[in-house]
Amino acid sequence: MSNVTMTDSAVKHSLNYLSNRGSGVGIRLAVKTTGCSGLMYVIEPVDVPNEEDLEFNANGLSIFVDPKSLIYVDGVEMDYAKLNLNEGFIFKNP
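Here is a short report on the structure shown in this document. (Residues numbered from 1 in each chain as written. Predicted model: local features only at pLDDT ≥ 70, side-chain atom pairs only at ≥ 80, totals over all residues. Heavy atoms only, no water.)

**Quick word on the pattern of salt bridges**
Working step 1: Using the criterion set out here, one finds five salt bridges in the structure.
Working step 2: Of the charged contacts, one joins Glu 44 and Arg 28 as a salt bridge, the two residues approaching to 3.5 Å between their closest N and O atoms. Remark: Arg 28 occurs in strand E2 (residues 26-34) and Glu 44 occurs in strand E3 (residues 38-46); sequence separation between them is 16 residues.
Working step 3: With relative accessibility at 9%, the residue Arg 28 sits in the buried group.
Working step 4: Across the pair Asp 79 and Lys 92 runs a salt bridge whose closest N-O atoms are separated by 3.9 Å. Highlighted residues: Asp 79 in strand E6 (residues 77-83) and Lys 92 in strand E7 (residues 86-92), separated in sequence by 13 residues.
Working step 5: Here Asp 79 falls in the buried class, since its relative accessible area comes to 16%. (Salt bridge = Lys/Arg side-chain N within 4 Å of Asp/Glu carboxyl O. Helix = DSSP H or I, 4+ residues; strand = E, 2+ residues; numbered from the N terminus. Buried < 20%, exposed > 50% of the residue type's maximum accessible area, 1.4 Å probe, protein only.)

**Describing the sheet that holds E2**
Working step 1: Strand order in this open sheet of four strands is E3-E2-E5-E4, and the pairing throughout is mixed. What marks the edges here is a single partner per strand, and that holds for E3 and strand E4 (54-58). In this sheet, neighbouring strand axes are inclined to one another by 30° on average, regardless of whether the strands run parallel or antiparallel.
Working step 2: Relative to strand E5 (residues 61-65), E2 runs parallel, the two sharing two bridges. When the bridges of E5 are listed, Arg 28 appears paired with Phe 64. (Pairing = 2+ DSSP bridges. Axes fitted to C-alpha atoms, helices over the stretch in contact; angles between N-to-C directions.)

**Section: the packing of aromatic side chains**
Working step 1: Under the counting rule described, the total for this entry stands at two aromatic pairs.
Working step 2: On the numbers, 3.8 Å between centres and 15° between planes, the contact of Tyr 41 with Phe 91 is stacked. With Tyr 41 in strand E3 and Phe 91 in strand E7, the pair connects residues that are 50 residues apart, well separated along the chain.
Working step 3: Look at Phe 91 and you get partly exposed, because its relative accessible area is 24%. (Phe/Tyr/Trp six-rings, centres within 6.5 Å; stacked < 30°, edge-to-face > 60°.)

**Observations concerning the pairing of E7**
Working step 1: In terms of strand pairing, E6 meets E7 through seven bridges, oriented antiparallel. Bridge pairing links Lys 82 to Glu 87 in E7.
Working step 2: Taken together, E6 and the strand that follows it, E7, pair antiparallel across an intervening segment of two residues, in which Asn 84 is found at a positive phi of about 55°.

**Brief notes about the nonpolar core**
Nonpolar side chains in soluble globular proteins tend to be buried together.
Working step 1: Val 4, Met 6, Ile 27, Leu 29, Ile 63, Val 65 and Val 73 are the most contacted members of the largest nonpolar core, which has 18 residues in total.
Working step 2: Within the residue set of this core, elements represented by two or more residues are helix H1 (8-21), E2, E4, E5, helix H2 (67-73) and E6.
Working step 3: If sequence neighbours within four positions are ignored, Ile 27 has contacts with Met 6, Ser 14, Leu 18, Ile 43, Glu 44, Pro 45, Val 46, Leu 61, Ser 62, Ile 63, Phe 64 and Met 78. (Core = buried A, V, L, I, M, F, W, Y, C linked by side-chain atoms within 4.5 Å. Contact = heavy atoms within 4.5 Å.)

Right, here's the structure in full:
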């Protein structure tokens, strides 16, 4: 069974973002190709999920993943941290 999880810190940050934005039913986690051979995680708000999206729930936050990205994010845990002047999502991917 596929799974995508988030720490409490990541859920709190995402819910605050959606609240400040004023709309959104959750977030999308996707993987996009970059450059010649790279991949990067993409996180964006979702107002209307796509029909083919898979939906995961993390403490009341819906996480939507398209089937093509699932092979790269299956089992990932998303965290959110502030370190000195930097802050952002951290991906723990088996």
